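Read off the chains here:
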Amino acid sequence: MTISLHILSPEGTLVKADVSLVSLPGTLSPFTVLPGHAAMVTSLSEGNVRYVEDGVEKHIQIKDGFAEVKDNTVTVCVEA
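Remember, predicted model here, so these are calculated numbers, not experimental data.

A. Here's a closer look at the overall build of the protein chain. The number of helices and strands found in the protein chain is zero helices and nine strands. Shown N-terminal to C-terminal, the secondary structure of the protein chain runs as helices and strands in the order β-β-β-β-β-β-β-β-β. Taking 12 Å as the expected radius of gyration for a compact globule of 80 residues, we find that the protein chain reaches 11 Å, a close match to that expectation. Along the longest, intermediate and shortest principal axes, the C-alpha atoms of the protein chain span 30 × 20 × 20 Å. Per-residue burial for the protein chain yields a buried fraction of 38% across its 80 residues. A fraction of 43% describes how many contacts in the protein chain between residues 6 or more apart in sequence connect residues 24 or more apart. Roughly 4,600 Å² of accessible area belongs to the protein chain as shown, and the carbon and sulfur atoms make up 53% of that amount. Computed over 5 positive and 10 negative side-chain charges, the separation of the two mean positions in the protein chain equals 2 Å.

B. Expanded view of the pairing of strand β7 (residues 56–62). Relative to β7, strand β6 (residues 47–53) runs antiparallel, the two being bridged by seven bridges. Bridging from a neighbouring strand, Y51 pairs with K58 of β7.

The rules behind each value
- Residue numbers here run from 1 along each chain, matching the order of that chain's written sequence.
- Reporting of local features is limited, given that this is a predicted model, to residues whose pLDDT is at least 70; pairs of side-chain atoms are given and counted only at 80 or more, and all residues count toward the totals for whole chains, interfaces and linings.
- Derived side-chain values reflect all non-hydrogen atoms in the structure, with water molecules and hydrogen atoms excluded from consideration.
- Secondary structure elements are taken from DSSP: a helix is a run of H or I of four residues or more, a strand is a run of E of two residues or more, and numbering for both begins at the N terminus.
- Computation of the radius of gyration draws on C-alpha atoms, with the globule rule given as 2.2 Å multiplied by the number of residues to the power 0.38.
- The cut-offs for exposure are 20% and 50% of the maximum accessible area for each residue type, with area from a 1.4 Å probe on protein chains only; residues under the lower value are buried, those over the upper are exposed, and the others partly exposed.
- Here, residues are in contact when the closest pair of their heavy atoms is within 4.5 Å.
- In these tables, accessible area is a Shrake-Rupley quantity obtained with a 1.4 Å probe, and a residue counts as shielded only by the protein chains included in the view.
- When charges are counted, Lys and Arg contribute as positive and Asp and Glu as negative, whereas His and the chain ends are disregarded.
- Note that the charge is assigned to NZ on lysines, CZ on arginines, CG on aspartates and CD on glutamates.
- Whether two strands pair comes down to DSSP finding at least two bridges between them.

From the geometry alone we can't say anything about function, so treat these as descriptive.
Listed below in structure tokens is the structure:
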């Protein structure tokens, strides 16, 4: 099972991929989303969004933003 990851910025789509996990820099603390994660909306602070696509770990640096987790889809709106 995978997670559909969408990372969006004012400039456009930064990432659109099926991934096995996503780690996000939550405002209160970092957290990781795995397949089957409960639905949630949260704010993000400056840091790295880390994700694993086809067994390869990748990351993108963000300034801040918001994330929505719902039905194995993670949508992240960021200022990169």
